[in-house]
Amino acid sequence: MLEIENVTKVYPGRKGMFGSSAPVTALSDVSLSIRPGESFGLVGESGSGKTTLTRCILRLEEPTSGRIRFDGQDFATLSPAALRAMRARIQIVFQDPFASLNPRMSVHDIVTEPMVIHAAALGLGPRQRTERAAELLDLVGLGPQHLHRYPHEFSGGQRQRICVARALACKPDMVLLDEPTSALDVSVQAQVLNLLGDLQTRLGLTYLFISHDLGVIRYVCDRTALIYRGKIVEQGDTQAVFDAPQSDYARTLIAAMPEVAFD
Ligand SMILES: Nc1ncnc2c1ncn2[C@@H]1O[C@H](COP(=O)(O)OP(=O)(O)O)[C@@H](O)[C@H]1O
Ligand SMILES: [Mg+2]
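What counts and what doesn't
Residues numbered from 1 in each chain as written. Chains lettered and ligands numbered in written order. Predicted model: local features only at pLDDT ≥ 70, side-chain atom pairs only at ≥ 80, totals over all residues. Heavy atoms only, no water. Phe/Tyr/Trp six-rings, centres within 6.5 Å; stacked < 30°, edge-to-face > 60°. Buried < 20%, exposed > 50% of the residue type's maximum accessible area, 1.4 Å probe, protein only. Helix = DSSP H or I, 4+ residues; strand = E, 2+ residues; numbered from the N terminus. Pairing = 2+ DSSP bridges. Axes fitted to C-alpha atoms, helices over the stretch in contact; angles between N-to-C directions. Contact = heavy atoms within 4.5 Å. Left-handed = near helix turned anticlockwise from the far one by under 90°. Nonpolar A, V, L, I, M, F, W, Y, C, P; charged D, E, K, R; others polar. Polar contact = N/O pair within 3.5 Å; in protein donor to acceptor, adjacent residues only side chain to side chain.

**Here we look at the packing of aromatic side chains**
So, step 1. Under the definition given, this model contains 2 aromatic pairs.
So, step 2. Relative to Phe 75, the ring of Phe 70 has its centre 6.4 Å away and its plane inclined at 70 degrees; by these criteria the two rings are edge-to-face.
So, step 3. Residue classification places Phe 75 among the buried positions, given a relative accessible area of 5%.
So, step 4. Measuring from centroid to centroid gives 4.3 Å for Tyr 228 and Tyr 249, while their planes differ by 35 degrees, and the two rings are tilted. Of this pair, Tyr 228 sits in strand E11 (residues 223-228) while Tyr 249 sits in helix H10 (residues 248-255); the two residues are 21 residues apart in sequence, bridging distant segments of the chain.
So, step 5. Using a relative accessible area of 27% as the deciding quantity, one classes Tyr 228 as partly exposed.
So, step 6. Look at Tyr 249 and you get buried, because its relative accessible area is 16%.

**Things to note about the sheet that holds strand E9 (residues 174-178)**
So, step 1. The 6 strands lie next to each other as E8-E9-E10-E5-E11-E12, forming an open sheet whose pairing is mixed. Two strands lie at the open edges of the sheet, namely strand E8 (90-93) and strand E12 (231-237), each paired on one side alone. Sheet twist, expressed as the average angle between the axes of neighbouring strands with direction ignored, equals 15 degrees.
So, step 2. Direction of pairing for E9 relative to strand E10 (residues 206-211): parallel, over a ladder of 5 bridges. Its bridge partner lying in E10, Met 174 is registered against Thr 206.
So, step 3. Against the sheet, helix H2 (residues 80-89) engages E8 and E9, with an angle of about 50 degrees to E8.

**A word on the packing of helix H3 (residues 107-117) against helix H5 (residues 126-139)**
So, step 1. For the pair H3 and H5, the least separation of the axes is 9 Å and the interaxial angle reads 115 degrees. H3 and H5 meet at a crossing whose hand is right-handed. Contacts from Val 107, His 108, Val 111, Thr 112, Met 115 and Val 116 in H3 reach Arg 129, Thr 130, Arg 132, Ala 133, Leu 136 and Leu 137 in H5.
So, step 2. The residue inventory of the contact of H3 with H5, partitioned by class, reads 7 nonpolar, 3 polar and 2 charged.

**Focus on the sheet that holds strand E1 (residues 2-11)**
So, step 1. The strand order across the open sheet formed by 4 strands is E4-E1-E6-E7, and the pairing between neighbours is antiparallel. The sheet terminates laterally at strand E4 (24-34) and strand E7 (73-74), the two strands that pair on one side only.
So, step 2. Relative to E4, E1 is paired through 7 bridges, and the arrangement is antiparallel. Paired with Ile 4 across the two strands is Leu 32, which belongs to E4.

**Some points on the side chain of Thr 54**
So, step 1. Note that Thr 54 resides in helix H1 (residues 50-57).
So, step 2. Using a relative accessible area of 2% as the deciding quantity, one classes Thr 54 as buried.
So, step 3. The contact partners of Thr 54, leaving out residues within four places of it in the chain, are Ile 92, Leu 176, Asp 178 and Ile 210.

**A word on the environment of Asp 96**
So, step 1. Within the secondary structure, Asp 96 sits in the loop between E8 and H3.
So, step 2. As for Asp 96 and Leu 208, which are separated by 112 residues in sequence, their C-alpha atoms are 17 Å apart.
So, step 3. A distance of 2.8 Å separates a polar side-chain atom of Asp 96 from the backbone nitrogen of Phe 98.

This is the structure:
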């Protein structure tokens, strides 16, 4: 479904008032292949390039070299209209549900916004969009009575549910989850993880699930890749990665992992 081939991303150094910074190689020759319907985990510490990879997938950043194909199509070769249509099929949920919701927009406006942006492809009028927004709130366990409320009226976990509803608005095939529970309290994390698991099964979604938390990845993902300083150092079935890690880095990480139980 999503093929990432030899992707390298170098951010050029900046010239600032106090001298210049060196270029940063955020991704180095990254290759991953994500299959339809699976939950693919990407684990790595802060600064290892995880978010940069999502930005390259969504074409918010241009990879310095390498290719990314979705359903066999290389984004670099798509026309602006085809790229827009493709973007509706891959959505993202960010780490921080406080920063990623506009405080001045009602839940209704937040959840219907993607349907407005992709109106040509979806063909929903205003009334149908509102109906769909109500369905989506149900789907994420919030209920349509919240449609006319504002982000500040919700807890972190509820906000993340709103972000998930927004991500699902255009019926995507794939969702990039960039540390979706890292900013939440531990008790709430498990609820949101369960919701994401449920939605994946019910809707047949494909996930790229990013985390720095091996416990979360082990709980959620079918296959897992480890990224260290922009390089993939290990990938395989999640069980195999945990049971028989091949790289020193994976062994160190797994040995340091606290035993965390979810249910
Ligand atoms: N826009 C940017 N310009 C320059 N460097 C960046 C930019 N975005 C990220 N970086 C650098 O790229 C590296 C990877 O960052 P990021 O992809 O955000 O990592 P992660 O999401 O794993 O924490 C870091 O060293 C970061 O400082
Ligand atoms: Mg990040």
